[in-house]
Amino acid sequence: MVKANGTIQFTEKPSISSTGVTVGPMEKDSPFASAFDEILLVEKEKNESYEEANTRFIEKACAITVKKGHEKMENIDVFIGGDLINQLSPTNFAARKLNIPYLGVFSACASSVESLIIGSLLLESGKASSILAGASSHHPAVERQFRYPLEYGAQKPKTAQWTVTAAGFALLQKQVKNAPIITHGTIGRVVDGKQTNPFHMGAAMAPAARDTIERHLTNTNSKMSDFDVIMTGDLGKIGLNILKDMFTDEDCHVILQDAGAQFYGEDTFFNAGASGAGCSAAVFLSHIYNQLQNGTFKRVLLVATGALLSPLTFQQGETIPCIAHAIECRMEKRN
Amino acid sequence: MDQKQFEDIVEKQNPKTPMFTNMLKAFLVGGIICTIGQLIIFFYIRFFSFTERTAANPTAATLVFIAMLLTGFGYYKKISQFAGAGSAVPITGFGNSVVSAAIEHKTEGYVLGVGGNMFKLAGSVIVFGVLSAFFVALIKTILVKIGVVSW
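Residues numbered from 1 in each chain as written. Chains lettered and ligands numbered in written order. Predicted model: local features only at pLDDT ≥ 70, side-chain atom pairs only at ≥ 80, totals over all residues.

1. Considering the UniProt feature "transmembrane region" (unreviewed entry) in chain B
All names here are of chain B.
(1) Moving on: If you check UniProt for "transmembrane region" (unreviewed entry), the listed places come out as residues 26-47, 59-76, 83-103 and 123-143 in our numbering.
(2) Moving on: Annotated as 100% helix and 0% strand, the span residues 26-47 places its first and last C-alpha atoms 31 Å apart.
(3) Moving on: Between the C-alpha atoms that bound residues 59-76 the distance is 19 Å, and the span itself is 83% helix and 0% strand. (UniProt positions renumbered as here; feature names shortened; annotations may be inferred. Helix = DSSP H or I, 4+ residues; strand = E, 2+ residues; numbered from the N terminus.)

Here it is in structure tokens:
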């Protein structure tokens, strides 16, 4: 079933039965806010570390997902998740509480779609029937690991993006009625556009997004206009414009969108927009999922983009290699 | 698409850094911080028994203390987003880097967390500050010895 070049066709109709999205306080003014399941009004509770708070966001999102899917946690076969913290600690610690078989995945901000692809593959193989998959990010926890202390006064350039505090998870099951199905997945390649500025991730990630989109279109024998929307994860406003310039197809101006560019609206405080594994997970699994469910969108391509850098490799003078994973989702006619 | 074409696109889409306004803002805020410092020096000379030479130390400590409060209450990063180098270069910027790291690592404990990470950002300022002070002192010593300048 694996076509050459990394596109997998899923014939068993893995469906997204339900989703759960929790976000932090900065995200409450997002244009997508009404689609989020729960908005928590503090980044962390008292006596809690930011990493513990990240874990709590994941646990909440998982609980919501399973509840909305009318399932019980003990009936879930595998939990797949990722985040941006070293050693995936928040997701590992959430898995400790969930107490179900667990696979931790890392593709930076592309972990969200990576976990959905792996989940779909597991369903396809027939070895599992219910999968909980998704990703999260937590602004203060990520910021302190990748950049500076939160209160440190460093001027952010216009190309900088704001890591969102959010967790988004989905319940994947086979052939569920009236639920969007995942028809294809395209596994990303690590693409290096030779960018070195960690405050301009959009430029670094755009070539990876282009590579994955192009391969997906070729492998599935389709063109941009076949999709209602092709949404990238977190290229940001400038990164999205760079991506559009990399395509010659005129349709790209309408069809190509970016979750990070839209996440905080036009608020200039966030500079180029949002980023983080939670950004793509939250938007894909709330707003886009709802649009598929109510029939506004029939066919979408969701491309989560991830910058595979660490503070260590950056200081050692390495460039920023990036990856983008994609899934194609469709909504079949209601019956 | 080759690397050159891609870099041209990136170049085209990159927003221009407003150099002039950035420098103006840095000059104004940096200047205001230094003016406050000067006022504190006058204060110490006027009301305490400090001389122009000795007043620098308590003044630096006072400015760091003010920066500490501003950092703790979350104002310093807002000033910095506006001022850039204007708030990073004066000693208040040094204070901010120490205090922000200390706040951040409290969750890892006082010894390994706060103590171990406090000078994570400020460490290089201290190292290269001491190093350059050494060389400046060396040059001045030589100049005094050969009689070009006096202490």
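2. Notes on the interface of chain B and chain A
It is common to give the size of an interface as the accessible area lost on bringing the parts into contact.
(1) Moving on: Tallying the contact residues gives 27 residues for chain B and 22 residues for chain A.
(2) Moving on: Those elements that provide at least two residues to the side of chain B that touches chain A are α1 (3-13), α4 (76-83), α5 (85-88) and α6 (91-104) of chain B.
(3) Moving on: Looking at which element gives the most residues to the side of chain B that touches chain A, the answer is α6 of chain B, with seven residues.
(4) Moving on: Residue classes in the side of chain B that touches chain A are distributed as 11 nonpolar, 14 polar and two charged. (Contact = placed C-beta atoms within 7 Å. Nonpolar A, V, L, I, M, F, W, Y, C, P; charged D, E, K, R; others polar.)

3. What to know about the domain arrangement of chain B
Residue and element names in this part refer to chain B.
(1) Moving on: Looking at the assigned domains, one finds that chain B contains domain 1 (18-120) and domain 2 (122-151).
(2) Moving on: Facing five residues of domain 1, the contacting portion of domain 2 comprises four residues.
(3) Moving on: Per-class residue counts for the side of domain 1 that touches domain 2 are three nonpolar, one polar and one charged. (Domains from an automatic or database assignment.)

4. Looking at the pairing of strand β8 (residues 166-174) of chain A
All names here are of chain A.
(1) Moving on: By the criterion of burial, β8 is predominantly enclosed, with eight of the nine residues buried.
(2) Moving on: Relative to β8, strand β2 (residues 14-23) runs antiparallel, the two being bridged by nine bridges. Within β8, the residue paired with Thr22 across the bridge is Ala167.
(3) Moving on: Of the pairings in the sheet, the one linking strand β6 (residues 130-137) to β8 comprises eight bridges and is antiparallel in character. By the bridge assignment for β8, Ser137 is matched with Ala166. (Buried ≥ 20, exposed ≤ 12 C-beta atoms within 10 Å, placed from the backbone. Pairing = 2+ DSSP bridges.)

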